[in-house]
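Per-entry structural report
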Amino acid sequence: MKMNELKLVYFSPTGATRKAVMETARSIDLKSVSFDFSVYKEKRPALKFAHDDFAIFGIPVYYGRVPALFMEHLKNISGDHTPAALIATYGCREYEDALLELKTELENRGFKVIGAAAFPSEHSIVPSIGVRRPNKTDMKTIAEFGIDLNRKLRKTESFDNSDVHVPGNSPYRKYGKNALFPKADSSMCTLCGSCARFCPAGAIPAKEPKKTDTSKCIGCMKCVRVCKQNARSVNSLKMTMTENKLKKVCQRDKKAEIFL
């Protein structure tokens, strides 16, 4: 099938999802344009993709689901029987209903899913779990996923009858309640504003970067990662409890799962 352009749509507060999306895209013989939804904007223009575009959607898994914030962004995106591939990165626990939820939503919005993958990554809250993943071996697997997608695009004349099956249950599992809200240490914060600029949820006021709007915070830890003064952190007791809990259910040797 002759394709026009590669559209990369992703939400990647801590970078692992973007890394997987970009490595996949490297193996696809199309000019690409990126839409990074981890950059906060009060208003976003509607995106309409053509039937001869190819879209890759990438998300991190939160509580076994697609991040609720990204689901809101999808309301402004539509396709015209546009072929699409899905990428979910998850912190070595489980991705549960995330791929099914994303697939269902995109198909309802005019996309045709021709491939999907779940890749283990470094945990966004407890980086020692899955540390430095995706690693070299993971990146090779991700690249091979891109090669397979590229081959499928070249060999298939129409995707009208394509039906990729992904795991998951409906109704989806309930979202967990975020209890980890990074806060600023007033004695260390220099008011540089980096946390406010990079917060994907707009939860940190630009004029008062020492504050966090907990009604908006999604616990992605982006502000913790970007603060050069190490002024932002989560309550140490809550973090220790979370780390102990996660280490019991996460497996650092998780393997990628691919569906084509």
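Everything below is about the structure printed above this text.
Please read these numbers as outputs of a predicted model, since none were measured by experiment.

**Considerations on the pairing of strand S7 (residues 111-120)**
Of all ten residues in S7, nine are buried, a share of seventy percent or more. Here nine bridges tie strand S6 (residues 82-90) to S7, and the two strands are oriented parallel to one another. Residue Pro83 lies in a different strand from S7, and its bridge partner there is Lys112. Handedness of the crossover joining S6 and S7 through helix H3 (residues 98-108) is recorded here as right-handed. One ladder, built from three bridges, connects S7 with strand S10 (residues 257-259); its direction is antiparallel. Directly across from Ala116, in S10, lies its bridge partner Phe259.

**A closer look at the nonpolar core**
The biggest cluster of nonpolar side chains holds 33 residues, and the ones touching the most others in it are Phe57, Phe70, Ile77, Leu99 and Leu102. Secondary structure elements with two or more residues in this core: strand S4 (54-60), helix H2 (68-73), S6, H3 and S7. Among the elements that line this core, the one with the most residues is H3, at five residues. Excluding residues within four positions of it along the chain, Ile77 makes contact with Val9, Phe37, Leu47, Phe49, Phe57, Arg109 and Phe111. Core analysis: the next-biggest nonpolar cluster, separate from the first, contains 22 residues, Ala25, Ala85, Ile87 and Phe119 among them.

**Observations regarding the packing of aromatic side chains**
Tallied over the entire structure, the rule returns seven aromatic pairs. Taking 6.4 Å as the distance between ring centres and 35° as the angle between the ring planes, the aromatic pair formed by Phe11 and Phe70 counts as tilted. Here the residue Phe11 occupies a position in the loop between strand S1 (6-10) and helix H1 (16-26), and Phe70 occupies one in helix H2, the gap between them amounting to 59 residues. Accessibility assignment for this pair places Phe11 and Phe70 in one class, buried. Their ring planes at 90° and their centres at 6.1 Å tell us that Phe37 and Phe70 sit as a pair that is edge-to-face. You can see Phe37 sitting in the loop between strand S2 (32-36) and strand S3 (47-48) and its partner Phe70 sitting in helix H2, a full 33 residues away along the chain. The exposure class of Phe37 is buried, given its relative accessible area of 5%. The rings of Phe35, Phe49, Phe57 and Phe111 are connected pair by pair, giving a single aromatic cluster.

The rules we used
Residues numbered from 1 in each chain as written. Predicted model: local features only at pLDDT ≥ 70, side-chain atom pairs only at ≥ 80, totals over all residues. Heavy atoms only, no water. Buried < 20%, exposed > 50% of the residue type's maximum accessible area, 1.4 Å probe, protein only. Helix = DSSP H or I, 4+ residues; strand = E, 2+ residues; numbered from the N terminus. Pairing = 2+ DSSP bridges. Right-handed = clockwise from strand over helix to strand, strands pointing away. Core = buried A, V, L, I, M, F, W, Y, C linked by side-chain atoms within 4.5 Å. Contact = heavy atoms within 4.5 Å. Phe/Tyr/Trp six-rings, centres within 6.5 Å; stacked < 30°, edge-to-face > 60°.

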